[in-house]
Amino acid sequence: MAEAVVTVDRITKRFAGHTAVRDLSLSIPAGGIFGLLGPNGAGKSTTIRMILNILVPDTGSVRLFGNHVAGRDLSARVGYLPEERGLYRKMRVLDQLAFLGEIRGLRRLDSVRRARTWLERLGLGDWTRKKVEDLSKGMQQKVQFIGSLLHDPELVVLDEPFSGLDPVNSQLMKDVVVEIAREGRTVLFSTHIMEQAERMCDRVAIIARGEKVLDGALSEVKRDFGTRHVALVFTRNQASAARILRDPALVARADDYGGSAEVELASEGNPDRLLRALVDADVGLSRFEIVEPSLQSIFIAKVGAEAAVAPAREEAHA
Amino acid sequence: MRKFIAVVTREFRERVRTRAFVISTVLIPLFFTLMIAGQIVLSTRGAGTWRIAVVDAAQGSFGARIEAALRDAKVGTGASAAQKYRVERITAAPGRIDAVKDSLVPLTGKREEVPGKLDGFLLVTEDALTSGAIPYYGGNVGSLSEMDNLQAALRPVVLTERLVREGVGAVAVQEASGRVELVTSKITDGKLTGESGESSFFLVYVMTLMMYFALLFYGIQVMSSVLEEKTSRIVEVLASSVTPFQLMLGKVVGVASVGLFQLGIWAMAGLYLTANVAPILSILHMSSDAARGVQLPTVTLPLLAVFLLFFVLGFFLFASLYAAVGAMCSSQQDANQTQHPVTIGIVLGLMTMFPLMNDPNSTLARTLSLIPFTAPFATPIRYSVAPLPLVELLLSILSTIAGVLIMCWIASRIYRIGILAYGKRPGLAELWRWVRTA
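## Focus on the overall build of chain B
- Looking only at helices and strands, chain B features 20 helices and eight strands.
- Restricting to contacts in chain B with at least 6 residues of sequence separation, those with at least 24 account for 71%.

## A word on the overall build of chain A
- Along its length, chain A carries ten helices and 13 strands.
- Seen through its C-alpha atoms, chain A measures out along the principal axes to roughly 70 × 45 × 40 Å.
- Sorting the 318 residues of chain A into buried and exposed places 43% on the buried side.
- Long-range pairs, those at least 24 residues apart, make up 70% of the contacts in chain A with a sequence separation of at least 6.

## Observations concerning the interface of chain B and chain A
- Contacts between the two partners involve 21 residues from chain B, matched on the other side by 24 residues from chain A.
- Every element with two or more residues in the side of chain B that touches chain A is listed here: helix H1 (2-17) and helix H9 (235-239) of chain B.
- In terms of residue count, H1(B) provides more of the side of chain B that touches chain A than any other element does, six residues in total.
- Of the residues in the side of chain B that touches chain A, the class split is ten nonpolar, five polar and six charged.

## A look at the pairing of strand E2 (residues 18-29) of chain A
Residues and elements named next belong to chain A.
- In this structure, strand E1 (residues 4-15) lies alongside E2, joined through eight bridges in antiparallel fashion. Bridged to Val8 within E2 is Leu26.
- In textbook terms, the turn of a hairpin is the stretch between consecutive antiparallel strands, and for E1 and E2 this stretch comprises two residues, one of which, Gly17, has a positive phi near 95°.

## Looking at the sheet that holds strand E13 (residues 285-291) of chain A
Residues and elements named next belong to chain A.
- The strand order across the open sheet formed by four strands is E11-E12-E10-E13, and the pairing between neighbours is antiparallel. Unpaired on one side and paired on the other, strand E11 (251-256) and E13 mark the two borders of the sheet. Within this sheet the neighbouring strands show an average axis-to-axis angle of 20°, counted without direction.
- Sheet topology note: the strand E10 (residues 229-234)/strand E12 (residues 260-265) ladder contains five bridges and is antiparallel. In the sheet register, Val233 faces E12, and the bridge partner there is Ser260.
- Packing of helix H8 (residues 238-245) onto the sheet brings it into contact with E10, E11 and E12, and relative to E11 it is tilted by some 145°.
- Across the sheet, helix H9 (residues 271-280) lies against E10, E12 and E13, angled at about 170° from E13, the strand it touches most.

## Structural notes on the domain arrangement of chain A
- Once the domains are mapped, chain A shows domain 1 (4-216) and domain 2 (228-291).
- The straight-line distance from the C-alpha centre of domain 1 of chain A to that of domain 2 of chain A is 40 Å.

## Here we look at the packing of helix H18 (residues 375-385) of chain B against helix H19 (residues 390-418) of chain B
Residue and element names in this part refer to chain B.
- Their axes nearest at 10 Å, the elements H18 and H19 cross at an angle of 165°. One element, H18, and the other, H19, form an angle in the roughly antiparallel class. Crossing of H18 against H19: the hand is left-handed. In this structure, H18 uses Ala375, Pro376, Thr379 and Tyr383 to contact H19, whose residues at the interface are Leu393, Ser396, Ser399 and Thr400.
- Taken together, the residues that form the contact of H18 with H19 break down as four nonpolar, four polar and no charged.

## Quick look at the domain arrangement of chain B
- Its domain assignment divides chain B into domain 1 (2-42 + 196-436) and domain 2 (49-176).
- Relative placement of domain 1 of chain B and domain 2 of chain B: their C-alpha centres are 50 Å apart.

## Here we look at the sheet that holds strand E5 (residues 78-81) of chain A
Residues and elements named next belong to chain A.
- Across the sheet, which stays open at both edges, the six strands sit in the order E5-E6-E7-E3-E8-E9 with mixed pairing between neighbours. Single-partner strands in this sheet number two, and they are E5 and strand E9 (211-217). Strand after strand, the sheet turns through a mean of 15° between neighbouring axes, direction not considered.
- Pairing of strand E3 (residues 32-37) with strand E7 (residues 186-191) involves six bridges; the strand directions are parallel. Bridge pairing in E7 places Gly32 opposite Thr186.
- The strands that helix H1 (residues 44-51) touches are E3, strand E6 (155-159), E7 and strand E8 (203-208); relative to E6, the one it contacts most, it runs at about 150°.

## Some words on helix H10 (residues 295-303) of chain A
- Within H10(A) the residues assigned to the buried category are A:Leu295, A:Ser297, A:Ile298, A:Phe299 and A:Val303.
- A:Gly304, located one to two residues past H10(A), shows a positive phi value of around 85°.

## Focus: H1(A)
- Counted residue by residue, H1(A) has eight buried out of eight residues, so it is predominantly covered.
- Immediately beyond the C-terminal end of H1(A), within one or two residues, lies A:Asn53, with a positive phi of roughly 70°.

## What about the nonpolar core?
- Counting residues in hydrophobic clusters, the biggest one holds 133 residues, and the most contacted among them are A:Val157, B:Val252, B:Ala319, B:Tyr322 and B:Ala323.
- Ranked by the residues each element gives to this core, the list is headed by helix H13 (residues 301-328) of chain B, at 18 residues.
- Non-local contacts of B:Ala319, meaning those with residues more than four positions away in its chain, are made with B:Tyr218, B:Gly219, B:Val222, B:Val252, B:Val255 and B:Ala256.
- The next biggest cluster of nonpolar side chains, apart from the first, holds 21 residues, and it includes B:Val54, B:Ala57, B:Tyr85 and B:Ile134.

About the criteria used
Residues numbered from 1 in each chain as written. Chains lettered and ligands numbered in written order. Predicted model: local features only at pLDDT ≥ 70, side-chain atom pairs only at ≥ 80, totals over all residues. Helix = DSSP H or I, 4+ residues; strand = E, 2+ residues; numbered from the N terminus. Contact = placed C-beta atoms within 7 Å. Buried ≥ 20, exposed ≤ 12 C-beta atoms within 10 Å, placed from the backbone. Nonpolar A, V, L, I, M, F, W, Y, C, P; charged D, E, K, R; others polar. Pairing = 2+ DSSP bridges. Axes fitted to C-alpha atoms, helices over the stretch in contact; angles between N-to-C directions. Domains from an automatic or database assignment. Parallel < 35°, antiparallel > 145°, perpendicular 65-115°, else oblique. Left-handed = near helix turned anticlockwise from the far one by under 90°. Core = buried A, V, L, I, M, F, W, Y, C linked by C-beta atoms within 7 Å.

Printed below as a string of structure tokens:
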């Protein structure tokens, strides 16, 4: 494994009344896309803020690029798209980006030149002199995305980057993120949407209630979780199918969508018995495939369905 | 450092570009000019000629003397001078005085033109001569300066009449009771400045008012700028690359430079105007006599330096507090309520002006120029009204700087946590916890 870009060592952050992050350790290697996964309110944003030195952990330490220097002093090497999007509403798009580049250490002219190139690339070339408040929400999000990339950072931190984007823009941003990773730079992004993480991430860490549940390379995580997963699609008699999926002798856990399901076989059960039961029940089976577990099912299994609902917490520290 | 400069420049650029900046740069001096011009017009043209009746129920020539004195009163100076009062003397027997009064009241202070209309009337009696209290009835009694003028015209007449009755010759009295007045000239540090007392009062008054408005106006701008960054949530991106202290200081310096820039524009315009007073007044069809009426004060360099120094110090003090207020609130309404203590601090500073100008070396004055919150007002006022010992000036500067550093530090501690905290505004105990936590 290459030298870690981000090393988080047993950090804990308490806010009035609750602990947002407890004893969390992470190691993010250079290059590739690292997904920080967790339900809403799990402590993802707080962790990211501590990595970026916006918040200081109560205990534990964070190192960037192997340095003990505060993350803010390394901000020329880090790009950040916060979860709460925000720009100066009255500022013109180009001025805004020039400023965002400047506070990351770029010279103004250089910053302006780079901003123009990016705006062209993301289809905002005609909007450079418009005020931010005249832009649609999606456009504003793209402007801010550009702002986090202007200075060619080695580490790009994106907090929920795709939330609120339409499929076209989502795709556009995904392409950029993948390209950054391909150039050997590191992307850390947080999400609670598992399908997205599954397609993009090389490594993931799942956190819930402020604690790490698991982390590692995506392929390892899946392998460790087991190969006793079956993907099913049935075309009739959904009620009978559902009854079979609830049989603990056959199925340990089922993610049932009505017409399709992903199940984890019970330890003493085997695929043959499940297949026979389903055929006997005449459910019109059109797919029966032994698969790798999806990130979604790993997530549900590890975190537990109840963790999807965060405990009551102050909005101030979300 | 480059980041800090970027924050300052952004603040400056964005503010100077706004329509509000252009409008306020033009309108504020216009407002002041109109106010001053209005005062000139009022003082020269007055309210025209007053029609006054003198009800003469006194013996001898007392009533006639009053009539003559009022006729002699002039408004304006030189060739443009005009009669101040049009006087009509009505003799009345002492017993009839109430009847005459009742007949004059309906004619007095009428809005529309009526024959025999009066602005007011005097009741001249023997009683008035002995007691020195002359009753005046009129529609214009609310105007203190008019009443002063009238009183000033009557005072020598009463004096003359009393002396004449004691047997002194009228001519001798006239000669003895020539006008006496104080012609003031200010000496600063052993040198004649060529200013009169009035014009140096005027100067302090204007400069203090400007300081008051600038602190309030720009302080609130710092507050709303902090609030904007917080509510638009851009502060998080900023906080990941700039320290909260850099950010707060950058904002304060940025807004302060906008303020100084604006003051600079006004100063240039002011210099140009004072250099060309006469031609400008002639455009406005006002005589140059009017211009001489308001002697424009000269601002000495040290005085300007003291004012600017204390303006900057005061600005850092109050603006950092405004920044802290902006940081601890989550909405404009919230901030409007929370800013009151800071605003009251500035108002208190302004209110020190009058006691200080009356007695610039009292214990109160000395104390006020050592308190960092009042010193930005108190010390320049004292400096311009009376000679201020160098030791006191330096002490005041040092204590204000110390106060500014402490307040900036406290404000930045609040700011640091406040900018990332949303929701309920913190109470005092909570704020104190913010200040203490590492």
